[in-house]
Amino acid sequence: MSLLALGVVFLIALCMWLRFATETYLTEQKIPPVTLERIRTISASPAEHEQELWGYLRHYYHPQDVVPGLLGTDWLLFYALVAASIPIIVVLGLVTSRPLSRQFSIVAATARRVSQGDFSSRADLVPNAPAELNRLAEDFNAMCEKLSRYEREVLDSSAILAHELRTPLNAAMGRLQGILDGVFEPQPEQVAMILRQLVQLNRLVSDLHFLSVARAGELRLSEDAFDLAELIRDRVSWSAPALDAAGIVSLVEVPSPTPCYGDRDRLGQVVSILVENVVRYAGSGGTMTVLLIPSPDTTRLVIQDRGPGVPAEDLPRIFDRFWRAEHSRGRHSGGSGLGLSIASVIVEAHGGVIQAANRVDGGLEVTLTLPTRNAVPR
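Since the model is a prediction, treat every value here as computed from it, not as a measurement. (Residues numbered from 1 in each chain as written. Predicted model: local features only at pLDDT ≥ 70, side-chain atom pairs only at ≥ 80, totals over all residues. Heavy atoms only, no water.)

J.: Lay out the overall build of the protein in plain terms, naming residues and giving numbers.
T.: A count of helical and extended segments in the protein gives 12 helices and seven strands. Counted over contacts in the protein with a minimum sequence separation of 6, partners at least 24 positions apart contribute 68%. Accessible area for the protein stands at about 22,600 Å²; split by element, carbon and sulfur atoms hold 61% of it. (Helix = DSSP H or I, 4+ residues; strand = E, 2+ residues; numbered from the N terminus. Contact = heavy atoms within 4.5 Å. Areas by Shrake-Rupley, 256 points an atom, 1.4 Å probe, with all protein chains shown as cover.)

J.: How would you explain the pattern of salt bridges if you had to name every residue and give the values?
T.: Once the charged atoms of two side chains with opposite charge are near each other, the side chains can pair. Scanning the model with the defined rule gives six salt bridges in all. With a closest N to O distance of 2.9 Å, R38 and E52 form a salt bridge. Of the two residues, R38 is situated in helix α2 (residues 33-43) and E52 in helix α3 (residues 50-60); the sequence distance between them amounts to 14 residues. A relative accessible area of 33% places R38 in the partly exposed class. Overall, the relative accessible area of 30% leaves E52 in the partly exposed class. (Salt bridge = Lys/Arg side-chain N within 4 Å of Asp/Glu carboxyl O. Buried < 20%, exposed > 50% of the residue type's maximum accessible area, 1.4 Å probe, protein only.)

J.: Before we move on, can you summarise the sheet that holds strand β5 (residues 298-304) with the specific residues and values?
T.: Reading across from one edge, β2-β4-β5-β7-β6 is the order of the five strands in this open sheet, with mixed pairing throughout. The two strands at the open ends of the sheet, each matched to only one other strand, are β2 (249-253) and β6 (353-358). Neighbour-to-neighbour, the strand axes of this sheet turn through a mean angle of 15°, independent of strand direction. Sitting on the sheet, helix α8 (residues 228-238) touches β2, β4 (287-294) and β5, and the angle it makes with β4 is about 170°. Strand contacts of helix α10 (residues 264-281): β4, β5, β6 and β7 (364-371), with the helix running at about 170° to β7, the strand carrying the most contacts. (Pairing = 2+ DSSP bridges. Axes fitted to C-alpha atoms, helices over the stretch in contact; angles between N-to-C directions.)

J.: Mind laying out the nonpolar core, listing which residues take part and the relevant values?
T.: Ranked by size, the top nonpolar core spans 48 residues in total, and within it I232, M288, V290 and L301 carry the most contacts. Looking at this core, the elements that each hand over two or more residues are α7 (188-215), α8, α10, β4, β5, α12 (339-349), β6 and β7. Broken down by element, the residue count for this core peaks at seven residues, all from α10. Other than its neighbours up to four places away in sequence, M288 contacts V236, L243, I248, V249, S250, L251, V275, V278, I303 and Q304. (Core = buried A, V, L, I, M, F, W, Y, C linked by side-chain atoms within 4.5 Å.)

J.: Requested: an account of the packing of α2 against α3, with residues and values cited.
T.: The geometry of α2 relative to α3 is characterised by a closest axis approach of 10 Å and an angle of 135° between their N-to-C directions. Classed by the angle they form, the pair α2 and α3 counts as oblique. Seen from above, α2 lies across α3 with left-handed handedness. Within the contact between the two elements, α2 uses T35, R38, I39, I42 and S43 and α3 uses E52, L53, Y56 and Y60. Considering only residue class, the contact of α2 with α3 consists of five nonpolar, two polar and two charged. (Parallel < 35°, antiparallel > 145°, perpendicular 65-115°, else oblique. Left-handed = near helix turned anticlockwise from the far one by under 90°. Nonpolar A, V, L, I, M, F, W, Y, C, P; charged D, E, K, R; others polar.)

J.: Describe α7, naming the residues involved and giving the relevant values.
T.: Here α7 contains 28 residues, and its C-alpha end-to-end distance of 40 Å stays within 8% of the 40 Å for a straight helix at 1.5 Å per residue. All of the buried residues in α7 are Q190, I194, L201, L204, D207, L208, F210, L211 and A214. Immediately downstream of α7, the backbone of G217 shows phi near 75°, a positive value. (Expected span 1.5 Å × (residues − 1).)

J.: I'd like a description of the side chain of S344, backed by residues and values.
T.: Residue placement: S344 occurs in helix α12. Sequence-distant contacts of S344, defined by excluding residues within four places in its chain, comprise F319 and I354.

J.: Account for α10, naming residues and giving values.
T.: For α10, with 18 residues, the first-to-last C-alpha span of 26 Å sits near the 26 Å given by 1.5 Å per residue. Those residues of α10 that sit buried are L267, G268, V270, V271, S272, I273, L274, V275, N277, V278, R280 and Y281. A positive phi of about 85° marks G283, the residue just after α10.

J.: Tell me about a nonpolar patch on the surface, and name the residues and values.
T.: Together, F10, L11, L14, W17 and L18 make up a nonpolar patch on the protein surface, roughly 540 Å² of accessible area in all. Mapped onto the fold, W17 is located in helix α1 (residues 2-29). (Patch = residues over 30% accessible without salt bridge, like charges linked within 9 Å, V, L, I, M, F, W, Y side chains within 5 Å.)

J.: How would you explain the pairing of β7 if you had to name every residue and give the values?
T.: For β5 and β7, the ladder comprises seven bridges, and the chain directions are antiparallel. Its bridge partner lying in β7, Q304 is registered against E365. One ladder, built from six bridges, connects β6 with β7; its direction is antiparallel. By the bridge assignment for β7, A357 is matched with E365.

Written as C-alpha cells, this is what we have:
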C-alpha cells in the first residue's frame, strides 16, 4: 500500500512536470530568440525588472496561468489527475490487500477453532500474501502442532499414569484384604510385600513430581566442583550386585581426574539410571562398557551394552515419559518408564545433551555430552 501511494504521487508529479515542460516549450517557440534571451536574463533578477517582465508575461503567456486562485489551468490539471488516480488506488488497493485480508481471516478462523479445543486445525497459506503474514501463519501452525502434541501426551500420560498407579495400589490392597480376610497370615513377609508396592508407588509419585518441577523451569541444582570419573566408578560399584545378578560384565574406562562442575548428586542419579537401564533391558549376560572422553570444550560419557537395542522407529521416543522398550519386563522389575526422562531433564538443566543410538554390531549406546564448564542455574 505504501508503494502504491508513492507510485500515485510520483505519477501526478510526473504529469504536472510534463505539462509544465510542454507548455513552456510551445510558448518559447512563439517568442523571438532575442526576446527570449532578454526574458531569461531579466528572470535572474525579477525585482529589478519587474515592469518589463510583467509586460512580456502579458504578451506571451496566458493570464489564467499567472492569476492567483484555485481555478487556474495548473490547478484544474491537478484536480483531474487526483480524480483519475482515486479509482486506480481503490482498485489496486483491493487487489493487493485481498491476499492480506484473506490470510488474516484464515488465521482468525483457525484461532477460533483452536480456542474451542480443535488443536488439529491448521491455517492455510495464501499465495501472494505478504511474507510477514505467511510467517505468522507458519508460526501459528507450529504452535498448534505443539498444542496437539501436548494434548496427545497428556491423554496418553493420563491413561498410563492411571495404570501405573493402579498396579501397585491393587497389589497392596489385595494383600491387605487377604490378611483381613484371613487368607494370609499377618507375618513380616506379607507386610514386606505390601511395603514394596508402596515404595514403588512412592517412587513413581516422586519421579512425576521431579519431572513436573523440571518442566516448569523450577529445578534447582547445586554448583559443585568434583571428579566425574570418581563419581562414575562409585555409581557403577553401587550397581555391581545387580550387574552380577544379570550376568553383565562392566568395563569402565574413565580417566581420572576428570573435573566437572554441577550438581554431583543429580549427575550421579543420571549414571545410576543409565546403568539400571542396562540391567533391565540389555538381557542376561553380555558386557556394559562405560567410556569417559574429556576434551577442552566438552566431556562425553558413553554407556554401551550388548542387548537387543531399540527399534529404529522408537529411538526418538526413548526419552519420553512412560516409554519402555519392553513394558512387561520393565513393570515386573519395578520400572516406571520415567528414568530416561529424568536423566534427560537433568542433563539439559546442566546445559548438556543426551542421545541414544543402536550400535552397528548390536546393542544400545547412550551418549551424554556436558560442557566442560556448566552454567547451572542457582
